[in-house]
Amino acid sequence: MSSSSAAPGRGDRAEKTTMRDALVAAAFRLFLERGYEQTTVDDIVALAGVGRRSFFRYFPSKEDVVFPDHERCLADMTAFLAAGPDDDEPVRRVCDAARLVLRMYAENPTFSVQRYRLTKRVPGLRAYELSVVWRYERALAEYLRGRFAGRRDGTLRADVIAAAVVAAHNNALRSWLRSDGRDDAEAAVDHALGHVQAAFGAAPVPAALPPADGDPEDVVVVVARRGAPLWRVVQELESVRGRG
C-alpha cells in the first residue's frame, strides 16, 4: 500500500498539531506587536511560512485563532456529560464538567493571560468570547434538562443551575487571569463551584451521630426537604442536639 493511501497516523496528527500551533504562535506574536485589528490573515500566514489555504483549514476566521482549543474542550465536555451514570448527582456532574474548561486554560497560563488581555482590548473578541461561553452553558443546560425531565420546573431549574455554574467558574477564572496566572486556579474554581453545589446540589445523608452520654439508644432523626443545602441540614442537626 502506498503512503498516499494509508490511513492517517501519528505522524500526520503531529504535523497537523505543529502547523496549528505555529499559526497560533504567529498570530499572537503579531497581535502583541501590532495589535489585533492591524494584523491580517496574510500577515499571520507569512510569518508562519504557510499559505492562506492552510490557515483556513484550521481556523474559519481570524477570531477563531484567538480561541483555538474551545471546540475540542466543548466536545470533551459534551462527551463527559454523556458518559455520566444515571445515578450520578447531576449538579456535581456539571460542576466537574466546568473544571474541564479550567484545565484547558491552566495547561498554558502564559497564553491564557495573553488572550485575556487581548480580549479585554478588542470589543469584537469580547462578543466572540460571549458566544463561546453561551455554548458551554447550553451544553450544561441540555444535560440537566435530560436529568430533570418530568420534574416540576425541571427546565427552569436546569437553565438556572447551568447559568450559575458558568458564572461561578468564570468569576474564579477571571480572578486567576487577573493574577497573571500566579494564583491557585483550581482552588479558586473549587471554592466558587462549592457555592453552586451548596445551593442546588442534593444534600448527602448525614453521618450517624455518636450516642449522647454513652446511651446506645440515643438516635437523632432530622427531616429536611429534598435539595436542602448541606449547611441547612447541619444547622438543624446542631439545633436538635442542643435541645437534647
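Residues numbered from 1 in each chain as written. Predicted model: local features only at pLDDT ≥ 70, side-chain atom pairs only at ≥ 80, totals over all residues. Heavy atoms only, no water.

**Q** For the overall build of the protein chain, give the residues involved together with the corresponding values.
**A** On a plain count of helices and strands, the protein chain comes out with eleven helices and zero strands. Secondary structure of the protein chain in N-to-C order comes out as α-α-α-α-α-α-α-α-α-α-α. Burial statistics for the protein chain: of 244 residues in total, 36% are counted as buried. Put simply, 66% of the contacts in the protein chain that link residues at least 6 apart link residues at least 24 apart. (Helix = DSSP H or I, 4+ residues; strand = E, 2+ residues; numbered from the N terminus. Buried < 20%, exposed > 50% of the residue type's maximum accessible area, 1.4 Å probe, protein only. Contact = heavy atoms within 4.5 Å.)

**Q** Before we move on, can you summarise unusual backbone geometry with the specific residues and values?
**A** The backbone of Asp153 sits at a positive phi, close to 60°, despite the residue not being glycine. Its place among the elements puts Asp153 in the loop between helix H8 (123-147) and helix H9 (154-178). In this structure, Asp180 is a non-glycine residue whose phi angle is positive, near 60°. As for its placement among the helices and strands, Asp180 is situated in the loop between H9 and helix H10 (185-200). With a relative accessible area of 33%, Asp180 lands in the partly exposed category.

**Q** Requested: an account of the packing of helix H6 (residues 90-106) against H8, with residues and values cited.
**A** Where H6 meets H8, the closest approach of the two axes is 10 Å, and the angle between their N-to-C directions is 155°. Our classification of the angle between H6 and H8 gives roughly antiparallel. In this structure, the crossing between H6 and H8 has a hand that is right-handed. Where H6 abuts H8, its residues Pro90, Arg93, Val94, Ala97, Val101, Met104 and Tyr105 lie against Glu129, Tyr136, Leu140, Tyr143, Leu144 and Arg147. By residue class, the composition of the contact of H6 with H8 is ten nonpolar, no polar and three charged. (Axes fitted to C-alpha atoms, helices over the stretch in contact; angles between N-to-C directions. Parallel < 35°, antiparallel > 145°, perpendicular 65-115°, else oblique. Left-handed = near helix turned anticlockwise from the far one by under 90°. Nonpolar A, V, L, I, M, F, W, Y, C, P; charged D, E, K, R; others polar.)

**Q** Before we move on, can you summarise the pattern of salt bridges with the specific residues and values?
**A** Evaluated as defined, the whole model comprises 14 salt bridges. A salt bridge links Arg34 to Asp43; the nearest nitrogen and oxygen atoms lie 3.2 Å apart. For the salt bridge of Arg135 with Glu71, the shortest nitrogen-to-oxygen distance reads 2.5 Å. Taken as a pair, Arg135 in helix H8 and Glu71 in helix H5 (residues 70-82) lie far apart in primary sequence, 64 residues in all. Given the relative accessible area of 28%, Arg135 is considered partly exposed. (Salt bridge = Lys/Arg side-chain N within 4 Å of Asp/Glu carboxyl O.)

**Q** Quick one: what's the story with the environment of Leu144, residue by residue and with numbers?
**A** By the element assignment, Leu144 lies in helix H8. Taking the relative accessible area as the measure of exposure, Leu144 reaches 0% and is therefore buried. Taking the C-alpha atoms as reference points, Leu144 and Val94, separated by 50 residues in sequence, lie 8.0 Å from one another. With sequence-adjacent residues up to four places away left out, Leu144 is seen in contact with Pro90, Val94, Ala158, Ile161 and Ala162.

**Q** Before we move on, could you go through H8 and cite the residues and values that matter?
**A** The first and last C-alpha atoms of H8 sit 37 Å apart over 25 residues, in line with the 36 Å expected at 1.5 Å per residue. Those residues of H8 not exposed but buried are Leu125, Val132, Tyr136, Ala139, Leu140, Ala141, Tyr143 and Leu144. Packing partners of the buried residues in H8 comprise helix H4 (62-66), H5, H6, helix H7 (109-121) and H9. (Expected span 1.5 Å × (residues − 1).)

**Q** Explain the packing of aromatic side chains residue by residue, including any values.
**A** Per the counting criterion, the structure on display carries six aromatic pairs. Ring geometry for Phe55 versus Phe59: centroids 5.6 Å apart, planes at 50°, classification tilted. Take Phe55 and Phe59: they sit in the same class, and that class is buried. Grouping aromatic residues by their ring pairs yields a cluster made of Phe28, Phe31, Tyr36 and Phe111. Between Lys62 and the ring centre of Tyr36, over which it is positioned, the NZ or CZ distance is 4.1 Å. Directly above the ring of Phe80 sits Arg93, whose terminal nitrogen or CZ lies 3.8 Å from the centroid. (Phe/Tyr/Trp six-rings, centres within 6.5 Å; stacked < 30°, edge-to-face > 60°. Lys NZ or Arg CZ within 6 Å of the ring centre and 35° of its normal.)

**Q** Quick rundown of the nonpolar core? Include the residues and the values.
**A** It is characteristic of soluble globular proteins that their nonpolar side chains tend to be buried jointly. Core analysis: the largest hydrophobic core is formed by 39 residues, its most contacted members being Met77, Val94, Tyr136, Leu140, Leu144 and Val165. Setting aside residues up to four positions removed in sequence, Tyr136 forms contacts with His70, Cys73, Leu74, Met77, Val101 and Met104. (Core = buried A, V, L, I, M, F, W, Y, C linked by side-chain atoms within 4.5 Å.)

**Q** How would you summarise the confidence of the model for the protein chain if you had to cite specific residues and measurements?
**A** Of all residues in the protein chain, 76% have pLDDT values of 70 or greater, and the mean over the chain is 83. A low-confidence stretch, residues 1-14 (pLDDT under 50), is modelled with three contacts involving residues beyond four sequence positions or located in other chains. Every residue in residues 204-217 is under pLDDT 50, and counting partners more than four places away or in other chains gives nine contacts. (pLDDT = per-residue confidence, 0-100.)

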